[in-house]
Amino acid sequence: MREFLIGVCPAALWLIAAIELVIMLLALKGSGKGKKPLHLLTGLVCFGLFYDALIIALGSRLGEGAAFMFLSRLRFVFHGALIPLLFAICAYALDLGKTWKTIVWIFTGVLIVLGVAEGFATDLSVQQVAGVLRCTSGEGTPGWAKAVSSVLSYGTVVPLIIAGIVVWIRQKTPALFLAGFLMFAFSALGPATGNFDLIFFISMFGEVCMALFFLIYAKQKEK
């Protein structure tokens, strides 16, 4: 399985980026100029996922240089700015009242600020694996930035799964739960199989599933 993943990785990244681009465009098209917040939020999250996959796919072609480092820096910044929107998605899915939505948005805003700061503060370390050139967080990354990165990477999925279970019970649809669960499952698959250097690639399949089920749920919720 490992050799298969390594072999298909470069081509699969382009396919993943293309799928996420399509989902992003469908979500933004269905947002009704912001009148359908779940569509809009899905589109924004998908933009971050699409950009991440695209730059990693381009890495080996760009080579180590100023353009590659700049575009890779934006990968981290966009990740920090857009992943916190998962909390807002949960708030709208759960039909929280105005007060609670405001609280969630304030919390989300704080995380966005911290996430953007983390993106700029991260020490970029170039890594090559499976024929792919990408930047990772290096040893020079401050401790606080690593903590923020961990919260954004792992602390957003569990609330999403919990919200998905509540939505499944109340609204009789498993779409939101599947978005969180599949993201969690694919993220855990890399470490579980000992493929620590391929976590970034394996987890991308979870990101595609998450984006797809976000769109499915948004269409069900905002008919």
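Above this text you will find the structure in question.
Residues numbered from 1 in each chain as written. Predicted model: local features only at pLDDT ≥ 70, side-chain atom pairs only at ≥ 80, totals over all residues. Heavy atoms only, no water.

Topic: the packing of helix α2 (residues 37-62) against helix α9 (residues 199-221)
Basically, it comes down to this: Orientation is described by lines fitted to C-alpha atoms, with helices fitted over the stretch in contact, and by angles between N-to-C directions that extend from 0 to 180 degrees. Comment: elements are numbered from the N terminus, with helices defined as DSSP H or I runs of at least four residues and strands as E runs of at least two. Put simply, angles under 35 degrees are roughly parallel, angles over 145 are roughly antiparallel, angles from 65 to 115 are roughly perpendicular, and the rest are oblique. Left-handed describes a crossing whose near helix is turned anticlockwise from the far helix through less than a right angle; right-handed describes the clockwise counterpart. Note on contacts: a residue pair is in contact if any heavy atoms of the two residues lie within 4.5 Å.
Packing of α2 against α9 leaves a shortest axis separation of 10 Å and a crossing angle of 160 degrees. Considered as vectors, α2 and α9 are oriented roughly antiparallel to each other. For the crossing formed where α2 meets α9, the hand is left-handed. Facing Leu38, His39, Thr42, Val45, Cys46, Leu49, Asp52, Ala53 and Ile56 of α2, the residues of α9 in contact are Phe200, Met204, Glu207, Met210, Ala211, Phe214, Leu215, Tyr217, Ala218, Lys219 and Lys221.

Looking at the pattern of salt bridges
Spelled out, the test is: Every case where a carboxyl oxygen of Asp or Glu lies within 4 Å of a side-chain nitrogen of Lys or Arg is listed as a salt bridge. Burial status follows relative accessibility: with a 1.4 Å probe on protein chains alone, a residue under 20% of its type maximum counts as buried, one over 50% as exposed, and anything between as partly exposed.
The tally for this structure, following the rule as stated, stands at 3 salt bridges. Aspartate 197 is the partner of arginine 2 in a salt bridge, and the nearest nitrogen-oxygen pair spans 2.8 Å. Linking arginine 2 in helix α1 (residues 2-29) with aspartate 197 in the loop between α8 (175-192) and α9, this pair joins segments that are 195 residues apart in sequence. What makes arginine 2 partly exposed here is its relative accessible area of 33%.

A word on the packing of aromatic side chains
To keep it simple, the criterion reads: Here is the rule: rings of Phe, Tyr and Trp (six-membered ring for Trp) pair when centre to centre is within 6.5 Å. Planes less than 30 degrees apart are stacked, more than 60 are edge-to-face, and the remainder are tilted. Both a distance and an angle decide whether a charge sits over a ring: NZ of Lys or CZ of Arg must be within 6 Å of the ring centre and within 35 degrees of the ring normal.
Taken as a whole, this structure holds 10 aromatic pairs when the rule is applied. Ring geometry for tyrosine 51 versus phenylalanine 78: centroids 5.0 Å apart, planes at 90 degrees, classification edge-to-face. Here phenylalanine 78 lies in helix α3 (residues 66-82) and tyrosine 51 lies in helix α2, a separation of 27 residues in the sequence. Overall, the relative accessible area of 10% leaves tyrosine 51 in the buried class. Taking the centre distance of 6.5 Å and the plane angle of 50 degrees together, the rings of phenylalanine 200 and phenylalanine 201 count as tilted. Of the two residues examined, phenylalanine 200 and phenylalanine 201, each falls in the buried class. Of note, arginine 134 hangs over the ring of phenylalanine 200, and the distance from its end group to the ring centre comes to 4.1 Å.

Quick word on the state of the cysteines
As used here, a disulfide is simply a covalent bond connecting the sulfur atoms of two cysteines. Basically, it comes down to this: Two cysteine sulfur atoms make up a disulfide if the distance between them is within 2.5 Å.
The final tally for this structure, using the stated rule, is 0 disulfides. Considering cysteine sulfurs only, cysteine 135 is the nearest to cysteine 9, which forms no disulfide, with 15 Å between them. Accessibility expressed as a relative area gives 0% for cysteine 9, which makes it buried. With no disulfide of its own, cysteine 209 lies closest to cysteine 46 among cysteine sulfurs, the gap being 12 Å.

Some words on the environment of serine 137
Tracing the chain through its elements places serine 137 in strand β2 (residues 132-137). Looking at serine 137, the relative accessible area reads 40%, which means it is partly exposed. A C-alpha to C-alpha distance of 9.8 Å links serine 137 and alanine 121, two positions 16 residues apart in sequence. Among all residues touching serine 137, those that are not within four sequence positions of it are Phe76, Thr122 and Asp123.

Brief notes about unusual backbone geometry
In the Ramachandran plot, alanine 130 falls in the positive-phi region, its phi being about 55 degrees despite a non-glycine side chain. Here alanine 130 is to be found in the loop between β1 (124-129) and β2. At lysine 172, a position not held by glycine, the phi torsion is positive, near 60 degrees. As for its placement among the helices and strands, lysine 172 is situated in the loop between α7 (157-171) and α8. Residue classification places lysine 172 among the exposed positions, given a relative accessible area of 68%.

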